[in-house]
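# Descriptive structure summary
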Amino acid sequence: MFCFQCEQTAGCKGCTGENGVCGKSFMVANTQDSLTQALIDLSLSLNGKEPNDNQRRLMLEGLFTTITNVNFDCEKITALTKEINSQFPNTNSEDTYSDHSLQLWAETEDIRSLKSLILFGLRGMAAYAYHAAMLGYQDDKISDFFFEGLRAVGNPEANMNGLLPIVMEVGKVNLRCMELLDKANTETYGTPIPSTVSLTVNKGPFIVITGHDLKDLKLLLEQTEGKGINIYTHGEMLPAHAYPELKKYGHLKGNFGTAWQNQKKEFSDIPAPILFTTNCLMPPKHSYSDRVFTTGAVSFPETIHIDEDKDFTPVIQKALELGGYEKDVEFAGINGGKEVTTGFGHATVLSIADKVINAIKDGQIKHIFLVAGCDGAKPERSYYTNFVKLTPSDSIALTLACGKYRFNDLDLGTVAGIPRILDMGQCNDAYSAIHVAVKLAETLNCSVNDLPISFVISWYEQKAVSILLTLLYLGIKNIRLGPSIPAFMSPNVLTYLVENFGIAPITVPEDDMKDLLKQA
Ligand code: FS2
Ligand code: SF4
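Here the structure is a predicted model, which is why all the values come from computation and not from measurement.

Another point: the overall build of the chain. Of regular secondary structure, the chain possesses 17 helices and 20 strands. Projected onto the principal axes, the alpha-carbon positions of the chain cover approximately 65 × 60 × 40 Å. Taking all 520 residues of the chain together, the buried fraction comes to 61%. For the chain, contacts bridging at least 24 residues in sequence account for 74% of all contacts bridging at least 6. Approximately 19,600 Å² of the chain is accessible, and the part contributed by carbon and sulfur atoms is 49%. Across the chain, the centroid of the 45 positively charged side chains sits 4 Å from that of the 61 negatively charged ones.

Take a look at the structure:
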């Protein structure tokens, strides 16, 4: 196997051998490669011809399935590959393609690097497009671009000059895709409103739901209503508490646990089932695997998968059978906080735009930091907690995605009457942060790079790649990226990004803070 798509890749170079660091076996990795090659071949065979609806669906599912910590199930991945192969007129759909390696890995270093940026960016974007499609929102320009992008990845003649604009195009289309998902979420579930979420789990049966899929949560809330079962969000599901159409359910009680990498510890002895709607799934330990349920693109062999009918009865039965805690249990965030806040999407922040702008103009707010992105297992990630603790009292920290669990339970007080930590939502809500930055720049008649805003990004999986490409497409400069530079960025590609965008690795919080405040 070879895989270097995520931040925890072995030795910061690539996972090879029997298993990846994420627990993905070589069988799963090879099957995912075959699936990806099938999607590339499908794109090449269409050669610019419009894909049909089924091909569009296969593209989204296929790309989403290969994101880190989504699908560990060879059988499901092979079945999807066969479906894709059946799109070719002369192909034997019984072929498993399990020994077809992805041609991409054999490319020269720089070409492999640029094609990887395109492929991984497309994988991230596919997750967002998939969630929007689940709510009935589709955009042909976005769907068609997946095929165009993969044609570039499969083009043996492609050179650096030809690939670089496509890398930027991924960022551009991803912005459109995040905007579509934002529209889908807010039109379906209402505009997020700032909400305080308890970290206490009440006595009695409960279900923990994790991942990003709000529709799955809504269906679970409907199916559990009146059954005496409470629902707790976990990880990237936390921002769901801010949507009026989800918030209205009295049994959506609070949030359990912290970010994905702590799940083996946090799930090991809770008297409740856990429903994974998307990444990040870690191979469950035997001690709790019978309590893990998956649905949608996420899957693990030997755990129960809830099919497209979304009948969550097995999860509900498990919750009733386990019974939950006998009395309320008070949990805390990693800094000891007992509650967290969320729901500061672009509509809320822009509704107080005048207040923010006046506070910037009269010097009450001197700096805005976007400290956002994924969490992960590396101890170096404590950088982000320390960085936020160092933010001056006349600054605001905007945040989103699961990296916020490093600091979202801190009480940093307010500035100009505005809380100093504002959680804008899931990773896809990077759209909110971008929208706010662009609107502030428009109002102040300057470019985003002239605003006193710094971008301090933590990455782990491929959605972060698509968001990074969007920031670069928008011309945002001097992004700090950590905890390490992606292994798939070749030295030449990295030099290009440093020279053109001033992108820089994080160092130590104190030094970076000084630098960023100087740049403002
Ligand atoms: Fe976190 Fe994992 Fe959101 Fe990523 S829960 S690293 O998939 O998409 O952020
Ligand atoms: Fe390794 Fe990450 Fe790939 Fe898993 S997804 S095999 S950890 S590079």
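This brings us to the sheet that holds strand S18 (residues 453-458). If you walk across this open sheet you meet the six strands as S17-S14-S13-S18-S19-S20, and the pairing is parallel. The sheet is open, and its two borders are formed by strand S17 (421-423) and strand S20 (504-505), each paired with just one other strand. Pairing analysis gives four bridges linking strand S13 (residues 367-373) to strand S14 (residues 395-399), with the strands arranged parallel. Looking at the pairing, Phe369 lines up with Ala397 of S14. Where helix H17 (residues 509-519) meets the sheet, its contacts fall on S13, S18 and strand S19 (480-482), and the angle it forms with S13 comes to roughly 130 degrees.

What follows deals with the pattern of salt bridges. Per the counting criterion, the structure on display carries 25 salt bridges. One salt bridge connects Lys366 with Asp394, and the closest N-O pair in it is separated by 3.4 Å. Linking Lys366 in the loop between helix H12 (353-361) and S13 with Asp394 in the loop between helix H13 (382-390) and S14, this pair joins segments that are 28 residues apart in sequence. Among the residues examined, Lys366 registers a relative accessible area of 52% and is labelled exposed. Owing to a relative accessible area of 21%, Asp394 belongs among the partly exposed residues under this scheme. Overlapping salt bridges, with partners in common, bring together Glu50, Asp53, Arg56, Asp140 and Asp144 in one network.

Attention shifts here to the packing of helix H1 (residues 26-46) against helix H2 (residues 53-65). At a closest axis distance of 10 Å, the pairing of H1 and H2 adopts a crossing angle of 150 degrees. Taken together, H1 and H2 sit at an angle that is classed as roughly antiparallel. Crossing of H1 against H2: the hand is left-handed. When H1 is examined against H2, the residues Gln32, Leu35, Leu39, Leu42, Ser43 and Leu46 are found in contact with a partner set consisting of Gln55, Leu58, Met59, Gly62, Leu63 and Thr65. Here the contact of H1 with H2 is built from residues that sort into seven nonpolar, five polar and no charged.

In this section: the site of ligand 1. Near ligand 1 you find His212, Glu236, Trp260, Asn279, Cys280, Cys374, Ala401, Cys402, Cys427, Tyr460, Glu461 and Lys463, and these make up its full shell. Interatomic distance of 2.9 Å between a side-chain N/O atom of His212 and an oxygen atom of ligand 1. Between ligand 1 and Glu461 there is a distance of 3.0 Å, counted from an oxygen atom to a side-chain nitrogen or oxygen. Partitioned by chemical class, the residues of the shell around ligand 1 number seven nonpolar, two polar and three charged.

With that out of the way, let us pick up the packing of aromatic side chains. According to the stated counting rule, one finds 21 aromatic pairs in the structure shown. Note on Phe4 and Phe488: the rings are 6.0 Å apart at their centroids and 70 degrees apart in plane angle, and the pair reads as edge-to-face. Here the residue Phe4 occupies a position in the loop between strand S1 (2-3) and strand S2 (15-16), and Phe488 occupies one in the loop between S19 and helix H16 (491-501), the gap between them amounting to 484 residues. A relative accessible area of 2% means that Phe4 is categorised as buried. With relative accessibility at 2%, the residue Phe488 sits in the buried group. When the ring of Tyr325 is compared with that of Phe331, the centres are 6.2 Å apart and the planes differ by 50 degrees; the resulting orientation is tilted. On the basis of relative accessibility, which here comes to 24%, the residue Phe331 falls in the partly exposed class. A connected cluster of aromatic rings, assembled from ring pairs, spans Phe206, Tyr232, Phe256, Phe267, Phe276, Tyr288, Tyr325 and Phe331.

The grouping of Asp307, Glu308, Asp309 and Asp311 at the surface amounts to a negative patch. As for its position among the elements, Glu308 is in the loop between strand S10 (304-306) and helix H10 (313-322). Accessibility expressed as a relative area gives 57% for Glu308, which makes it exposed.

Another point: the environment of Leu471. Examined against the element boundaries, Leu471 turns out to sit in helix H15 (residues 462-473). The class of Leu471 is buried, set by a relative accessible area of 2%. In this view, Leu471 contacts Ile434, Phe455, Ile457, Ile476 and Ile479; residues no more than four positions away in its chain are not counted.

A few words now on the pairing of strand S12 (residues 339-342). Along S12, the buried face is formed by Val340 and Thr342; none of Glu339 and Thr341, which line the opposite face, is buried. Alignment of strand S3 (residues 195-198) against S12, held across four bridges, turns out to be antiparallel. Note on S12: the bridge partner recorded for Ser195 is Thr342.

Moving on: the environment of Pro452. Checked against the element boundaries, Pro452 lands in the loop between helix H14 (430-443) and S18. Along the primary structure Pro452 and Phe369 are separated by 83 residues, whereas in three dimensions their C-alpha atoms are 8.4 Å apart.

Interpreting fine coordinate detail is not advised for predicted regions of low pLDDT. Of the residues in the chain, 97% reach a pLDDT of 70 or more, and the chain-wide mean stands at 95. Below a pLDDT of 50 lies the segment residues 95-99, which in the model reaches eight contacts outside its immediate sequence neighbourhood of four places, other chains included.

Rules used throughout
Residues numbered from 1 in each chain as written. Chains lettered and ligands numbered in written order. Predicted model: local features only at pLDDT ≥ 70, side-chain atom pairs only at ≥ 80, totals over all residues. Heavy atoms only, no water. Helix = DSSP H or I, 4+ residues; strand = E, 2+ residues; numbered from the N terminus. Buried < 20%, exposed > 50% of the residue type's maximum accessible area, 1.4 Å probe, protein only. Contact = heavy atoms within 4.5 Å. Areas by Shrake-Rupley, 256 points an atom, 1.4 Å probe, with all protein chains shown as cover. Lys, Arg positive; Asp, Glu negative; His and termini not counted. Charge placed at Lys NZ, Arg CZ, Asp CG, Glu CD. Pairing = 2+ DSSP bridges. Axes fitted to C-alpha atoms, helices over the stretch in contact; angles between N-to-C directions. Salt bridge = Lys/Arg side-chain N within 4 Å of Asp/Glu carboxyl O. Parallel < 35°, antiparallel > 145°, perpendicular 65-115°, else oblique. Left-handed = near helix turned anticlockwise from the far one by under 90°. Nonpolar A, V, L, I, M, F, W, Y, C, P; charged D, E, K, R; others polar. Near = heavy atom within 4 Å. Polar contact = N/O pair within 3.5 Å; in protein donor to acceptor, adjacent residues only side chain to side chain. Phe/Tyr/Trp six-rings, centres within 6.5 Å; stacked < 30°, edge-to-face > 60°. Patch = residues over 30% accessible without salt bridge, like charges linked within 9 Å, V, L, I, M, F, W, Y side chains within 5 Å. pLDDT = per-residue confidence, 0-100.

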